[in-house]
Amino acid sequence: MIWLHWYLLVALLLFCIGLYGLVQRRSLIGMLIALELMLAAVSLNVVAITSLSGRSSSVGQVVALILIGVAAAEGAIALSLFVAIQREVQSIDVEDLSELKG
Amino acid sequence: MNWDAFLFGASAALALVGAAFAVGLKNIFHNILGFALALIGVAGLFLTLGSDFLAIVLLLVYVGALGIAMVYAVMLSQPLDTPRAPRSLPKIAGAALLAAVVAMALWLVIRGAHFPPMEGVLEVTPEKMGRRLLSNYVLAFELISILLVIAMMGAVMVARKDRGGTGPAAPKAAP
């Protein structure tokens, strides 16, 4: 195992913990937390590969910055949607959000 | 080298334990604290990769802003002490199985991949990062700013109480 593999392994575990949480949780906020974990794992991957290769590592950092910015925007929109959903349905449990289920 | 390895191990352990807390615990508030712990660990990993600026931004945006926003959302939504029906065991097992299969597949991909020879960490100081962001990568910088402004306005619009009531068309509709 080279040194890079350790970083990729940590990112892989983070990603899969996030995936498990996204599938298993029922609270919308819990699912958002799991999703953000997956995004953080992806940016860790990008930074690890570009930074350890030693060449042009600022490209990877810019990509990770964009990822962080998009994740922040997504989190803000998602949280405000949760507040709106809570106002309509009085719950943010995904199993209560079944209005479109035929 | 030894110090690097220690920092890496501690950060990785922090990240994984925090992630386990973030998805494993029942209380949503504890989940948010675990999420913050995991992101602190990831910021430590960024430090070992020589990207100080990114580590600071990660701490500010995720642990600072997003964590606080999540706490607000929890306080605005459900009562914390409502009893919830336990998740059925087959569904938990299915989720764990899915995650394990994806992990195995990704690990096989990582083992099979041929990476270029690694030349060691090249440190990117915050100063260099700032110069790059305002010269070579200024488009990415501006796009992030526009995206964040739009997201902020959208969040305010969506979460507002009287949605659609005070738009430009509202005065005509009102008596």
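These numbers come from a predicted model, not from an experiment. (Residues numbered from 1 in each chain as written. Chains lettered and ligands numbered in written order. Predicted model: local features only at pLDDT ≥ 70, side-chain atom pairs only at ≥ 80, totals over all residues. Heavy atoms only, no water.)

What about the overall build of chain A?
Then, in step 1: A count of helical and extended segments in chain A gives three helices and zero strands.
Then, in step 2: Element order for chain A, N to C, with α for helix and β for strand: α-α-α.
Then, in step 3: The buried share among the 102 residues of chain A stands at 58%.
Then, in step 4: Contacts spanning at least 24 positions in sequence make up 61% of the contacts within chain A whose residues lie at least 6 apart.
Then, in step 5: For chain A, the computed accessible surface area is about 3,900 Å², with 68% contributed by carbon and sulfur atoms. (Helix = DSSP H or I, 4+ residues; strand = E, 2+ residues; numbered from the N terminus. Buried < 20%, exposed > 50% of the residue type's maximum accessible area, 1.4 Å probe, protein only. Contact = heavy atoms within 4.5 Å. Areas by Shrake-Rupley, 256 points an atom, 1.4 Å probe, with all protein chains shown as cover.)

Topic: the interface of chain B and chain A
Then, in step 1: Of the residues lining the interface, 78 residues belong to chain B; the matching set on chain A comes to 70 residues.
Then, in step 2: For the pair chain B and chain A, the summed buried area comes to about 6,600 Å², and 75% of that belongs to carbon and sulfur atoms.
Then, in step 3: Counting the surface chain B buries against chain A, the share from its top three residues, Val23(B), Leu49(B) and Arg87(B), is 10%.
Then, in step 4: If you look at where chain B meets chain A, you find zero salt bridges. (Buried area = accessible area lost by both parts, 1.4 Å probe. Salt bridge = Lys/Arg side-chain N within 4 Å of Asp/Glu carboxyl O.)

Digging into the nonpolar core
Then, in step 1: If you look at the biggest cluster of nonpolar residues, it comprises 63 residues, and the most contacted ones within it are Leu37(A), Leu39(B) and Phe46(B).
Then, in step 2: Broken down by element, the residue count for this core peaks at 12 residues, all from helix 2 (residues 28-52) of chain A.
Then, in step 3: Lining this core are residues from two domains, each supplying at least three of them: domain 1 (1-79) and domain 2 (124-161) of chain B.
Then, in step 4: If sequence neighbours within four positions are ignored, Leu39(B) has contacts with Leu37(A), Ala40(A), Leu58(B), Tyr62(B) and Val63(B). (Core = buried A, V, L, I, M, F, W, Y, C linked by side-chain atoms within 4.5 Å. Domains from an automatic or database assignment.)

Section: the packing of aromatic side chains
Then, in step 1: This model, assessed by the stated rule, comprises three aromatic pairs over all chains.
Then, in step 2: A ring pair is formed by Tyr7(A) and Phe8(B), whose centres lie 4.6 Å apart and whose planes are at 65°; its orientation type is edge-to-face. Of this pair, Tyr7(A) sits in helix 1 (residues 3-24) while Phe8(B) is found in helix 1 (residues 2-24), placing the two residues in two different chains. Just as Tyr7(A) is buried, Phe8(B) falls in that class too. (Phe/Tyr/Trp six-rings, centres within 6.5 Å; stacked < 30°, edge-to-face > 60°.)

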